[in-house]
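Coordinate analysis (summary)
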Amino acid sequence: MPLFSRWRRPAPDAEPAAPPGLADVMRQVRRIDLRTRGLVASQFTGEYHSVFKGQGIEFVEVREYVPGDDVRTIDWNVSARTGQTFVKKYVEERELTVILAVDLSASQRFGTRGRFKSEMVPEVAATLAMSAVRNNDRVGLLVFTDRVEAFVPPQKGRRHALRILRDLLVFRPAGVGTDLAGALEHTRRVLRSRSIVFLVSDFQLSGDARSRFERALGGVAVRHDVIPVVLADPADAEMPEVGVLRLVDPETGRMTYVDTDAAVERFGTSAKKERAELARVFRRLGMDEIELRTDQPVSSAVVSFFRRRERRLRR
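Residues numbered from 1 in each chain as written. Predicted model: local features only at pLDDT ≥ 70, side-chain atom pairs only at ≥ 80, totals over all residues. Heavy atoms only, no water.

1. Here's the deal with the pattern of salt bridges
- Inspection of every chain in the model, using the stated rule, returns 18 salt bridges.
- Between Asp179 and Arg212 there is a salt bridge whose closest N-O contact spans 2.9 Å. With a gap of 33 residues between them, Asp179 in the loop between α4 (158–170) and α5 (180–190) and Arg212 in helix α6 (residues 207–221) connect regions that are remote in the sequence.
- Of the residues examined, Asp179 reaches a relative accessible area of 22% and is grouped as partly exposed. (Salt bridge = Lys/Arg side-chain N within 4 Å of Asp/Glu carboxyl O. Helix = DSSP H or I, 4+ residues; strand = E, 2+ residues; numbered from the N terminus. Buried < 20%, exposed > 50% of the residue type's maximum accessible area, 1.4 Å probe, protein only.)

Here it is in structure tokens:
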């Protein structure tokens, strides 16, 4: 069964909101850019660099040997030609590919603490994309619902990161359901080298969909560094006691009546069990998750993630 937060009170009949105009979108882009730019410059850049390593090492040049150098780095060919001892100098290959795989299904348009889950997506995407850009990494975007809706190939540069942010703000998905497994399988096919995949979703799945998702997630994690970004709201774990409610599932359109007074304890137990099971799946696959809550700042969750991951990597 889907969690309670998949269900919402049906809204009164109204015309659908018109898509924002270009001027509105650009104002939102500038606002999010300004809000995240200072944080990225002051906090995230160094921590991003420390927890996401490059693909290996790259030879740069040779230099004269000095006492204490590792003898395994001696370049014997150059040393023989010059009559002096030279060692090879290497640097870390920093360039990485980062993919933001974003779930924009109908269940993301839910929130009980001032904003919807979907409203957190542009801010976290901007934070992660700008951190990658400052490290000269490539960033791409995959948008999905019950199908893959759009793919923006990875590129470098701040202009490209702002294009991704703009696309997220204006995108109107065709689908309403969620197919995490399909999105992961598509990601695995399009990525040719080891990459960092931020998988952004509320991860509300059950039955066969959950089993298929876990298999697909494990398949991608074999080669890539997958970071689940869990979109959460307090109502995901707590059902309010407000009597009988008529609710609608935004992904299926199905309506139901729920006696919330009688279901509070059962719902809370079920929600905790499902969340714990999802966390176990992530731990089993060696993944560090980020939980974004509608009642907490996005920046706090990202900073906490970087620090946790850095501590784990030091062990």
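2. Structural notes on the nonpolar core
- Among the nonpolar cores identified, the biggest contains 45 residues, and Phe52, Leu100, Phe198 and Leu292 are the most heavily contacted of them.
- Sort the elements by how many residues they give to this core and helix α3 (residues 121–134) lands first, with nine residues.
- Setting aside its immediate chain neighbours within four residues, Leu292 contacts Met120, Val124, Val229, Val230, Leu231, Ala232, Val298 and Ala301.
- If you look at the next biggest cluster of nonpolar residues, it comprises 23 residues, including Phe144, Leu199, Leu205 and Val220. (Core = buried A, V, L, I, M, F, W, Y, C linked by side-chain atoms within 4.5 Å. Contact = heavy atoms within 4.5 Å.)

3. Some remarks on unusual backbone geometry
- Positive phi values are uncommon outside glycine, yet Asn136 reaches one of about 65 degrees.
- Inspection of the secondary structure assignment puts Asn136 in the loop between α3 and β4 (138–144).
- The residue Phe203 is not glycine, and still its phi comes out positive at about 55 degrees.
- Examined against the element boundaries, Phe203 turns out to sit in the loop between β6 (196–201) and α6.
- Look at Phe203 and you get buried, because its relative accessible area is 3%.

4. A few points about the packing of α3 against α4
- Two elements in contact, α3 and α4, have axes separated by 9 Å at closest approach and are oriented at 170 degrees. By the angle class used here, α3 and α4 are roughly antiparallel. In the packing of α3 onto α4, the handedness of the crossing is right-handed. Contacts between α3 and α4 involve Val121, Pro122, Ala125, Ala126, Ala129, Met130 and Val133 on the former and, on the latter, Arg158, Ala161, Leu162, Leu165, Leu168 and Leu169.
- Class assignment of the residues belonging to the contact of α3 with α4 gives a composition of twelve nonpolar, no polar and one charged. (Axes fitted to C-alpha atoms, helices over the stretch in contact; angles between N-to-C directions. Parallel < 35°, antiparallel > 145°, perpendicular 65-115°, else oblique. Left-handed = near helix turned anticlockwise from the far one by under 90°. Nonpolar A, V, L, I, M, F, W, Y, C, P; charged D, E, K, R; others polar.)

5. Some points on the packing of aromatic side chains
- Scanning the model with the defined rule gives six aromatic pairs in all.
- Centroid distance Phe52 to Phe306: 6.3 Å. Interplanar angle 75 degrees. Geometry classified as edge-to-face. Within this pair, whereas Phe52 is found in the loop between α1 (22–51) and β1 (56–64), its partner Phe306 is found in helix α8 (residues 298–314), the two being separated by 254 residues in sequence.
- In textbook terms, an aromatic cluster arises when at least three aromatic residues are bridged by ring pairs, as seen for Tyr48, Phe52, Phe198, Phe305 and Phe306. (Phe/Tyr/Trp six-rings, centres within 6.5 Å; stacked < 30°, edge-to-face > 60°.)

6. Considering the environment of Leu180
- Considering the arrangement of structural elements, one finds Leu180 in helix α5.
- We classify Leu180 as buried; its relative accessible area is 2%.
- Sequence separation between Leu180 and Leu217 is 37 residues, and the spatial gap between their C-alpha atoms is 8.7 Å.
- Once you skip the residues sitting within four places of it in the chain, Leu180 turns out to touch Phe144, Leu199, Ser201, Phe203, Leu205 and Phe213.

7. A short note on the pairing of β6
- The element β6 is extensively covered by neighbouring structure, given that six of its six residues are classed as buried.
- When strand β3 (residues 97–103) meets β6, the two strands line up parallel, connected through five bridges. When the bridges of β6 are listed, Ile99 appears paired with Val197.
- Note that β6 and strand β7 (residues 225–232) share six bridges and pair parallel. Within β7, the position partnered with Ser201 by the bridge is Val230.
- As for the winding sense of the linkage, the β-α-β connection from β6 through α6 to β7 is right-handed. (Pairing = 2+ DSSP bridges. Right-handed = clockwise from strand over helix to strand, strands pointing away.)

8. Some points on α6
- Taking 1.5 Å per residue as the helical rise, α6 with its 15 residues ought to reach 21 Å, and the 22 Å between its terminal C-alpha atoms agrees with that figure.
- Turning to α6, its buried residues are Arg210, Phe213, Ala216, Leu217, Gly218 and Val220.
- Summarising the contacts, the buried residues of α6 are in contact with α5, β6, β7 and α7 (260–284). (Expected span 1.5 Å × (residues − 1).)

9. Considering the side chain of Asp202
- Mapped onto the secondary structure, Asp202 falls in the loop between β6 and α6.
- Reaching out from Asp202, the side chain makes a polar contact with the side chain of Ser107 at a distance of 2.9 Å.
- Beyond its immediate chain neighbours, meaning those up to four positions away, Asp202 contacts Asp103, Ser107, Gln108, Lys117, Val230 and Leu231. (Polar contact = N/O pair within 3.5 Å; in protein donor to acceptor, adjacent residues only side chain to side chain.)

Keep in mind these numbers describe shape, not what the thing actually does.
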